[in-house]
Amino acid sequence: MTDYALILISTFFVNNFVLVRFLGMCPFLGVTQKVETSLGMSYAVVFVITLTAVLCWLLERLLLAPLGLEYMRTVCFILIIASLVQLTETIIRKVSPELFASLGIFLPLITTNCAVLGVPLLNLQKEYSFLESTLFGFGAAAGSGMVLVVFASMRERIDVSDVPALMKGAPIALVTGGLFSLAFMGFSGMVK
């Protein structure tokens, strides 16, 4: 039980995919203009990454490894990711057209988000069990989603603050993101 909690804490805080591993930077910088948009992207990322971890683990253990098809791993994983993103896109388009419009190009770009592919590959590298892989995927996704929402709220606050003209927009966002990353790197070494 302690191992499972450590996996969640590690992926959420200590080895956060966005702020420590620097995976998934595209949505971090592109979708964090408004909290509502980043919250919708967070839900999509949690759904896609968690299901990717589960389906890729099953595919690897039940089909690729037993048949000696490990060389097809990356192609198969990307097909799973693309299918899940299409499903997510369809669901969001039907449920919330406003959110779909506000996410714009960043929703289909989840397919090329390196964090989504990084989770199943790290699961294989760490030789996690099914439950450990699922928790690793969920923790990584939830940590990434939390970062998106918190960073969006910080950017909304900065937008109404008195910021020098040269620092408005992307420069202050990058400086803030760097400081945010440094704060999370303070957790390093707590869990391996």
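Calculation criteria
- Residues numbered from 1 in each chain as written.
- Predicted model: local features only at pLDDT ≥ 70, side-chain atom pairs only at ≥ 80, totals over all residues.
- Heavy atoms only, no water.
- Helix = DSSP H or I, 4+ residues; strand = E, 2+ residues; numbered from the N terminus.
- Rg over C-alpha atoms; globule rule 2.2 N^0.38 Å.
- Buried < 20%, exposed > 50% of the residue type's maximum accessible area, 1.4 Å probe, protein only.
- Contact = heavy atoms within 4.5 Å.
- Areas by Shrake-Rupley, 256 points an atom, 1.4 Å probe, with all protein chains shown as cover.
- Lys, Arg positive; Asp, Glu negative; His and termini not counted.
- Charge placed at Lys NZ, Arg CZ, Asp CG, Glu CD.
- pLDDT = per-residue confidence, 0-100.
- Phe/Tyr/Trp six-rings, centres within 6.5 Å; stacked < 30°, edge-to-face > 60°.
- Lys NZ or Arg CZ within 6 Å of the ring centre and 35° of its normal.
- Salt bridge = Lys/Arg side-chain N within 4 Å of Asp/Glu carboxyl O.
- Core = buried A, V, L, I, M, F, W, Y, C linked by side-chain atoms within 4.5 Å.
- Expected span 1.5 Å × (residues − 1).

What follows is about the overall build of the protein. On a plain count of helices and strands, the protein comes out with eight helices and zero strands. Counting from the amino terminus, helix and strand elements in the protein follow one another as α-α-α-α-α-α-α-α. Expected size for 192 residues packed as a compact globule is a radius of gyration near 16 Å; at 17 Å, the protein falls within 12% of this value. The principal-axis extent of the C-alpha atoms belonging to the protein is close to 60 × 40 × 30 Å. Looking at the protein as a whole, 45% of its 192 residues qualify as buried. Restricting to contacts in the protein with at least 6 residues of sequence separation, those with at least 24 account for 76%. For the protein, the computed accessible surface area is about 9,900 Å², with 70% contributed by carbon and sulfur atoms. Across the protein, 11 positive and 11 negative side-chain charges occur, with their mean positions spaced 3 Å apart.

Right, let's get into the confidence of the model for the protein. Do not read the fine detail of predicted coordinates wherever pLDDT is low. Mean pLDDT over the protein: 86, with 97% of residues reaching 70 or higher. When the elements of the protein are averaged for pLDDT, helix 2 (residues 25–30) gives the smallest value, 76, and helix 7 (residues 130–159) the largest, 91.

This next bit is on the packing of aromatic side chains. Within the structure shown, the criterion is met by seven aromatic pairs. Judged by centre distance (4.8 Å) and plane angle (75 degrees), the rings of Phe12 and Phe13 are edge-to-face. Counting every residue linked through ring pairs, the aromatic cluster contains Phe12, Phe13, Phe151, Phe180 and Phe184. Between the NZ or CZ atom of Arg21 and the centre of the ring of Phe17, over which it lies, the distance is 5.4 Å.

Scanning the model with the defined rule gives two salt bridges in all. Note that Glu60 and Arg73 form a salt bridge whose closest N and O atoms lie 2.9 Å from each other. With Glu60 in helix 3 (residues 35–64) and Arg73 in helix 4 (residues 73–95), the pair connects residues that are 13 residues apart, well separated along the chain. A relative accessible area of 4% places Glu60 in the buried class. Close ionic contact of Arg93 with Glu89 constitutes a salt bridge, the shortest N to O distance being 3.7 Å. A residue pair is termed a helical-turn pair when its members lie 3 or 4 positions apart in one helix, as Arg93 and Glu89 do in helix 4 at four residues.

Let us now look at the nonpolar core. One broad trend across soluble globular proteins is that nonpolar side chains are buried collectively. The biggest cluster of nonpolar side chains holds 43 residues, and the ones touching the most others in it are Phe17, Leu19, Phe28, Phe77, Ile110, Val119 and Phe136. Among the elements of the structure, helix 3, helix 4, helix 5 (97–103), helix 6 (114–126), helix 7 and helix 8 (170–185) are those that each provide at least two residues to this core. In terms of residue count, the dominant contributor to this core is helix 3 (nine residues). Among all residues touching Val119, those that are not within four sequence positions of it are Phe17, Ile49, Ala53, Phe136, Gly137 and Ala140.

Right, let's talk about helix 4 for a bit. Helix length check: helix 4, at 23 residues, gives a terminal C-alpha distance of 33 Å against a target of 33 Å (1.5 Å per residue), a fit within 8%. Structurally, helix 4 contributes buried residues whose contacts are with helix 3, helix 5 and helix 6.

Backbone geometry at Phe22 places phi at a positive 60 degrees, although glycine is not the residue there. Topologically, Phe22 is positioned in the loop between helix 1 (2–14) and helix 2. You can call Phe22 partly exposed: its relative accessible area is 42%. You will see that Glu127, though not glycine, has its phi angle at about 55 degrees, which is positive. The topology assignment puts Glu127 in the loop between helix 6 and helix 7.

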